[in-house]
Amino acid sequence: MIALSGRVSRLLQSHLGLEHTEYRTYSKLSLWNSGADPSEPIVVRKARALKLMLDETPAIIMDNELLVGQRTLYGQVAEGENVLRGTYMLPVNPATDHKKAFYASYLTDEEVMEAHKYGILEGAYTSHVPFGTAMILELGLGGIRQNALDRMSPNNSGAQNDFLNAIVISFDAISDFIGKHAGEARRLAELTGDDVRRAELLRIEESIQRISTGPAENFYDAVQMFWLCTVVMAVESQGCIPIGRLDYDLWPYLEKDLASGAMTLDEAQELCDCLWIKINWETDLTSDSCRNVTLGGTHPDGSDATNELTYMFMAASDKLKRADPKINVRFYKGSPERLWETTVELIKAGLGGFPAFYCDEAIVESLMRMGMSIEDARSFSCDGCQEIIIPGKGDFYPVHTGVSLLELVQNTLGVEIGIVDPRVPKVEYPESSDYPSFEEFFNAYLANMDTLIVETVKDGNRRDTGLGLFSPVPFLSATLEGCIENASDKTTGGCTYNWTGCNGQAFATAVNSLAGVKKMVYDEKLVTLPELREQLNEDWPDQRLRQYALNRVPKWGNDDDYVDDIAVKVADHFLTEAGKYDNSRGGPYYPGIFTFHHVGRGIRTSASPDGRLTGDTISTHITPHAGTDTVGPTSTLKSALKVTCLRPPEGTAMDIRLHPSAVSGEEGTRKLRSFIETMMKEGGPVLQFNVIDTETLRKAQVNPEQYRSLLVRIWGFSAYFTTLTKDYQEEIIARTVHGLD
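Residues numbered from 1 in each chain as written. Predicted model: local features only at pLDDT ≥ 70, side-chain atom pairs only at ≥ 80, totals over all residues. Heavy atoms only, no water.

Caption draft 1: Geometry of the pattern of salt bridges. A complete count under the given rule lists 46 salt bridges for this structure. Among the ionic pairs, Arg 330 bridges to Asp 360, the shortest N-O distance being 2.8 Å. Here Arg 330, found in strand 5 (residues 326-331), pairs with Asp 360, found in helix 12 (residues 360-369); they are 30 residues apart in sequence, far enough to count as distant. As far as burial versus exposure is concerned, Arg 330 and Asp 360 are alike and both buried. Note that Lys 642 and Asp 564 form a salt bridge whose closest N and O atoms lie 2.8 Å from each other. Of the two residues, Lys 642 sits in helix 23 (residues 633-644) while Asp 564 sits in helix 21 (residues 561-578), which places them 78 residues apart along the sequence. Owing to a relative accessible area of 22%, Lys 642 belongs among the partly exposed residues under this scheme. (Salt bridge = Lys/Arg side-chain N within 4 Å of Asp/Glu carboxyl O. Helix = DSSP H or I, 4+ residues; strand = E, 2+ residues; numbered from the N terminus. Buried < 20%, exposed > 50% of the residue type's maximum accessible area, 1.4 Å probe, protein only.)

This is the structure we're talking about:
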């Protein structure tokens, strides 16, 4: 492994010292302070608000930087909210109180109130998709702007020309924002007495002048343009900003430079390292930043797309040991041996779930079942977590809707739910009865699921419609295939693909709870339904019965058909029913099995029939509930494969925690690779590992300063263990530690 250069070492120390946060400011910008016209279309006002924020963002070039620019304007976190403007608990304690979810005011008071009726706040973001990197690099900002101008026509509707005008306003502002860094580089070059630094600054100026309007001409241009557009995306979309297939998008530029001798591999690696540090610029606020990058995989024709950048990016992660970007790697039957060797060694290094493993064959098949062409399906990446998207070709709302499979168990039982989540639609279910058989209870559960899916879709479409009305995103939309051609924002169905995810949540906890009802009420007759209902409403006063539920009822993740058969029926029904509906943008719902914020959701959830107490954590994705997978990882995988063969189009994932001794030495390498290859061969879920022992985690709790770089996987993101809240730390520790025998 190539060591960090002196420059990268200095940049890393600057980052660890949070020197970049000194440029953050609290802002309350508003169009109304500058005489804005309320009669202008909202999409145009939204673009003018973006221009206002970019105009107010200074050009920042820090010492030693080759890649320049950063977001500086933020809101201030108010009491009771988090850095994303929500009221739910985030896993990571932020270093400062700067709120990422901030946008200059552009709606009238009446419009703000109307947006609230749709469940939308002013400036609401709809991310989880990356901007179209390939389009931006190939056409340049000026080229995309010109496409919008060319698409304008008196034959268009007024709304179409308004959207295209908003693109022109946005891209003019972006060009000015990027261009101001050229002037700053020139100013610093004239001030410095260091000849080497002066040459670097002049190179920065030259590159910025090109990419402020034109396409990237070389690898340096491409990386700088990608980074500055990431800053713009952070300003416009604020929250979750995934990266897509960066090795795929950037490789043509590096390949050309290497062939011509314009750049060496060492120079390119240093630039990759600099980019990786830049991508961490908001990690101190939350490492649930969605900065996921997908590497490897294939070209649309099925040939191998792995390239030298694939390995350089992984080397950067290995050296820097930062939480961002999250590394995800696509594998298919022809993936090169070097890719296997590199990724397995990264897992052994214990980089907090880097990389996650994606099975091309299974995912491509699931997308094609949705009617997608094989060429587009082969272009997939993960979004900001693990859900499947097609970068640059569509708008995907992977976490826009969700159905709690666990709360459906409680509703069918007639249990008091706990703290009601205001984001979940209110549903009237039939009154619970004393079902004479488990089959009747289970059928009632499925009927309630159908009811909740219908209401969830209605609620999702309501918010979807609101986003199009009150929070369009002209910059992001212009970079996505179809939007300029259709003269329509991504929020109004302009993209080639307009899909909405629907997540089946708390899967394992729900399945274990159904097994608990079946075992305790119907098979063993230890308790009646009314008695079980009373136990849950009173948080398990009968500890003997609770211990039976915890320890004697089969649990998901142990290859036990008693509970796995229930799991397959639940998953199949959910995936089938949720996939029947269309969204308000003219596209389908594509379901998957995912759970995020499982500790925070658990706090709001009352006791469940699996023995879980009120407030305890719930399960994630198709991962077994923490501590219940007791037979071994092979049995856990066998349980998972019974569900993943249903091919959920949005995907699903499984977290497995391994003891470091399980992967040590050559034998550990062989066992780990064999385990992953088995999963790939059978078309299993996205697979991610935590390789760490409990003793180390406990030491980190006691002496956090000695473990500042200790990374762990939470769900679709990784975080520094010592920055997690105590609840999330304990949830990580509670996960079963496996060997690989």
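Caption draft 2: How the structure looks around the sheet that holds strand 2 (residues 73-76). Ordered by their spatial adjacency, 3 strands build an open sheet running 1-2-3, and the pairing between neighbours is mixed. Looking at which strands have only one partner, the edges of the open sheet turn out to be strand 1 (25-26) and strand 3 (98-99). (Pairing = 2+ DSSP bridges.)

Caption draft 3: Summary view of the nonpolar core. If you look at the biggest cluster of nonpolar residues, it comprises 214 residues, and the most contacted ones within it are Phe 219, Trp 276, Leu 405, Tyr 445, Phe 475, Phe 507 and Phe 689. If you tally residues by element for this core, the top one is helix 5 (residues 158-191), at 15 residues. Setting aside its immediate chain neighbours within four residues, Trp 276 contacts Leu 246, Val 293, Phe 313, Ala 316, Ser 317, Leu 320, Asp 324, Pro 325 and Ile 327. Counting residues in each nonpolar core, the second largest holds 15 residues, with Val 599, Leu 710, Phe 721 and Ile 733 among its members. (Core = buried A, V, L, I, M, F, W, Y, C linked by side-chain atoms within 4.5 Å. Contact = heavy atoms within 4.5 Å.)

Caption draft 4: How the structure looks around the environment of Gly 140. Along the polypeptide, Gly 140 turns up in helix 4 (residues 133-151). Residue classification places Gly 140 among the buried positions, given a relative accessible area of 0%. On a C-alpha basis, the gap between Gly 140 and Ile 211 in space is 6.7 Å, while along the polypeptide they are 71 residues apart. Apart from the residues lying within four places of it in its own chain, the contact partners of Gly 140 are Met 135, Thr 213, Gly 214 and Pro 215.

Caption draft 5: Structural context of the packing of helix 11 (residues 337-348) against helix 24 (residues 665-681). Running from amino to carboxyl end, helix 11 crosses helix 24 at an angle of 115°, the nearest separation of the two axes being 10 Å. When the interaxial angle is binned, helix 11 and helix 24 end up roughly perpendicular. Note that helix 11 runs across helix 24; the crossing there is right-handed. Between helix 11 and helix 24, the contacting residues are Glu 337, Trp 340, Val 344, Glu 345, Ile 347 and Lys 348 on the first element and Gly 665, Thr 669, Leu 672, Arg 673, Ile 676, Glu 677 and Met 680 on the second. When its residues are assigned to classes, the contact of helix 11 with helix 24 shows 6 nonpolar, 2 polar and 5 charged. (Axes fitted to C-alpha atoms, helices over the stretch in contact; angles between N-to-C directions. Parallel < 35°, antiparallel > 145°, perpendicular 65-115°, else oblique. Left-handed = near helix turned anticlockwise from the far one by under 90°. Nonpolar A, V, L, I, M, F, W, Y, C, P; charged D, E, K, R; others polar.)

Caption draft 6: A look at the packing of helix 14 (residues 405-413) against helix 15 (residues 438-470). Interhelical geometry of helix 14 versus helix 15 gives an angle of 120° and a closest axis separation of 9 Å. Relative to helix 15, helix 14 is oriented oblique. The element helix 14 and its partner helix 15 pack so that their crossing is right-handed. For the pair formed by helix 14 and helix 15, the contact residues are Leu 405, Leu 408, Val 409, Asn 411, Thr 412 and Leu 413 on the first element and Phe 441, Ala 444, Tyr 445, Asn 448, Met 449 and Leu 452 on the second. Residue classes in the contact of helix 14 with helix 15 are distributed as 9 nonpolar, 3 polar and no charged.

Caption draft 7: Quick look at the packing of aromatic side chains. Going through the model one piece at a time under the given rule, you end up with 21 aromatic pairs. Summarising the aromatic geometry, the rings of Phe 331 and Trp 340 are spaced 4.3 Å apart at their centres and angled 40° between planes, so their arrangement reads as tilted. With relative accessibility at 1%, the residue Phe 331 sits in the buried group. A relative accessible area of 7% places Trp 340 in the buried class. Every member of this aromatic cluster is reached through a ring pair, and the members are Tyr 435, Phe 438, Phe 441, Phe 442, Tyr 445 and Tyr 522. In this structure, Arg 71 is placed above the aromatic ring of Tyr 74, and the distance from its NZ or CZ to the ring centre is 4.3 Å. (Phe/Tyr/Trp six-rings, centres within 6.5 Å; stacked < 30°, edge-to-face > 60°. Lys NZ or Arg CZ within 6 Å of the ring centre and 35° of its normal.)

Caption draft 8: Local environment of helix 4. The end-to-end C-alpha distance of helix 4 is 21 Å, clearly below the 27 Å that 19 residues give at a rise of 1.5 Å each. If you look at helix 4, its biggest bend is around 95°, right at Gly 140. What helix 4 keeps buried is the set Thr 133, Ile 136, Leu 137, Gly 140, Leu 141, Ile 144 and Ala 148. Along its buried surface, helix 4 packs onto helix 5, helix 6 (195-211), helix 7 (219-237), helix 8 (246-260), helix 16 (474-478) and helix 17 (483-486). (Expected span 1.5 Å × (residues − 1). Bend = angle between axes of the 7 residues up to and from the residue.)

Caption draft 9: View of helix 20 (residues 543-551). Those residues of helix 20 not exposed but buried are Leu 545, Arg 546, Tyr 548 and Ala 549. One side of helix 20 carries all its buried residues, which in axial view fall inside an arc of 155°. Residues of helix 20 that are exposed and angled more than 90 degrees away from the buried face: Arg 544 and Asn 551. Structurally, helix 20 contributes buried residues whose contacts are with helix 18 (507-523) and helix 19 (529-537). You can read the cap of helix 20 off the contacts: a side-chain oxygen lies 3.1 Å from the backbone nitrogen of Arg 544, and it is on Asp 542. (Arc of directions from axis to C-beta. Polar contact = N/O pair within 3.5 Å; in protein donor to acceptor, adjacent residues only side chain to side chain.)

Caption draft 10: Representation of unusual backbone geometry in the model. The omega angle of the peptide bond from Asp 324 to Pro 325 is -10°, so this bond is cis rather than trans. Mapping Pro 325 onto the fold places it in the loop between helix 10 (308-320) and strand 5. The phi angle at Ala 506 is positive, at roughly 55°, despite the residue not being glycine. For Ala 506, the location among the structural elements is in the loop between strand 10 (497-505) and helix 18. A relative accessible area of 1% places Ala 506 in the buried class. In this model, His 621 sits at a positive phi of 50°, which is unusual for a non-glycine residue. Structurally, His 621 is set in the loop between helix 22 (598-603) and helix 23.

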